[in-house]
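Secondary and tertiary structure notes
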Amino acid sequence: MTTIQDVARAAGVSAMTVSNVINGHPNVRPATKERVMAAMTRLDYRVNVAARNLRKGRTGTIGLAVPEIDRPYYGRLAAAIIAAAARHGLRVAVEQTGAVRENELEALSLSRNRLYDGLILSTVGLGPADVDRLKVDHPLVILGERIFGGPVDHVAMPNVDGARAATRHLIDRGCRRIALVCGPRTGETDVSGLRRTGYTQALEEAGLPLDPDLVRTVDRLTMAAGARAARALASDDPGVDGVFCVTDTVAMGVLRGLADAGARVPDDVKVIGFDDVEESAYLVPSLSTIDPDHDLMAARAVDLLAARIDRPEQPLEREEFVSPYRVVARESTATGATGSRADRRP
């Protein structure tokens, strides 16, 4: 087996210089680096990552705990985090918490036992009362819906602002009786609570009344629940001309339910979701939505975690990052019968 000393002799440098090249040390001259890399290729030298991680007390693996793996949003999130982690030379182990608070706490407590170098936790069950439980002895980044102060880095969704923009988009397209399809409101800082706040703010800003009958709560944020809510809404209030759904998954069900009820989208009712999952661009009609920039959120979360893994003894200021967003207008909110070419484009 080729050793680092073999590479050093072949390149005419010290073993320390070879080590600096392998570890990306910035002070190695380009010509020296090129010579070392050529020697590594010629001798078929392979870095023993396991041994290097063992010396550093690391495994090279981070954990990602998400509520539900089978939801389009979390699938996209996991893919973005895996790609971002690869740029840091890290692998990702994914586990599911089922959106249950106890399981999220278990993911926190067992992270070290599972030999993760750090954990990214996408939480929907934890809240402000759990802040002290976040004081763990390993790198941790909270990712996702809830916004609360705490002792760890937090990468959050633009829930309120994005929801306000989605509702305002419907208003700008001529909607005046706008329904909201959301999950149970368990507090001010859960996803449905935050996005409901944005919906309410947009109505108030436009001088439109808030009709409690237009707020439809579903037990779970699924397509089936969205379809049931839409069928009931169309039956109870035929005058509804717009629907904001707190997730794209719910919006997909709403499109189905409205079709079952004989309501045409976007002619009779305009629909917008939130998350911009890939499937939303390929529905008929294609779904307007809010894009919270998944790739940026994933990259920021991994960057923060990697910084704490690399510098465990260095005190770093805790960061609260809220992702930017944009309105993606597609066929489901088009103003014409079939929509413009821009509305139809994924």
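By the naming in an unreviewed UniProt entry, the protein chain goes by LacI family DNA-binding transcriptional regulator and is assigned to Streptomyces hintoniae.

Digging into the packing of helix H5 (residues 72–86) against helix H11 (residues 294–310)
Between H5 and H11, the least distance of the axes is 8 Å, while the angle of their chain directions is 50°. Here H11 runs oblique to H5, going by the angle between their axes. The two elements H5 and H11 cross, and the hand of that crossing is right-handed. Here Tyr73, Arg76, Ala80, Ile81, Ala84 and Ala85 of H5 lie close against H11, whose contacting residues are His294, Asp295, Ala298, Ala299 and Val302. Its residues assigned to classes, the contact of H5 with H11 shows eight nonpolar, one polar and two charged.

Observations concerning the state of the cysteines
Enumeration according to the criterion identifies zero disulfides in this entry. Cys175 takes part in no disulfide bond, and the closest cysteine sulfur, belonging to Cys245, lies 12 Å away. Free cysteine: Cys182, not disulfide-bonded; nearest cysteine sulfur from Cys245 at 10.0 Å. For Cys182, a relative accessible area of 1% puts it in the buried group.

A look at the sheet that holds strand E1 (residues 61–66)
Think of a sheet as strands paired side by side through backbone hydrogen bonds, with each pair either parallel or antiparallel. The six strands lie next to each other as E2-E1-E3-E4-E5-E11, forming an open sheet whose pairing is parallel. Strands with a single pairing partner mark the edges of an open sheet, and in this sheet they are strand E2 (91–96) and strand E11 (320–322). Mean inter-strand twist for the sheet, computed between neighbouring axes without regard to direction, equals 20°. Strand contacts of H11: E1, strand E3 (119–123), strand E4 (140–144), strand E5 (153–156) and E11, with the helix running at about 175° to E5, the strand carrying the most contacts.

Some points on the pairing of strand E8 (residues 242–245)
Residues of E8 alternate between two faces, with Gly242 and Phe244 on one and Val243 and Cys245 on the opposite face, all of them buried. Examined bridge by bridge, strand E6 (residues 178–182) and E8 share four bridges and lie parallel to one another. Its bridge partner being in E8, Val181 is matched across the sheet by Cys245. With three bridges connecting them, E8 and strand E9 (residues 270–272) associate as parallel partners. Across the sheet, Phe244 pairs through a bridge with Ile272, a residue of E9. Once the chain exits E8 it traverses helix H10 (residues 248–260) before rejoining the sheet at E9, and the crossover so formed is right-handed.

About the criteria used
- Residues numbered from 1 in each chain as written.
- Predicted model: local features only at pLDDT ≥ 70, side-chain atom pairs only at ≥ 80, totals over all residues.
- Heavy atoms only, no water.
- Axes fitted to C-alpha atoms, helices over the stretch in contact; angles between N-to-C directions.
- Helix = DSSP H or I, 4+ residues; strand = E, 2+ residues; numbered from the N terminus.
- Parallel < 35°, antiparallel > 145°, perpendicular 65-115°, else oblique.
- Left-handed = near helix turned anticlockwise from the far one by under 90°.
- Contact = heavy atoms within 4.5 Å.
- Nonpolar A, V, L, I, M, F, W, Y, C, P; charged D, E, K, R; others polar.
- Disulfide = S-S within 2.5 Å.
- Buried < 20%, exposed > 50% of the residue type's maximum accessible area, 1.4 Å probe, protein only.
- Pairing = 2+ DSSP bridges.
- Right-handed = clockwise from strand over helix to strand, strands pointing away.

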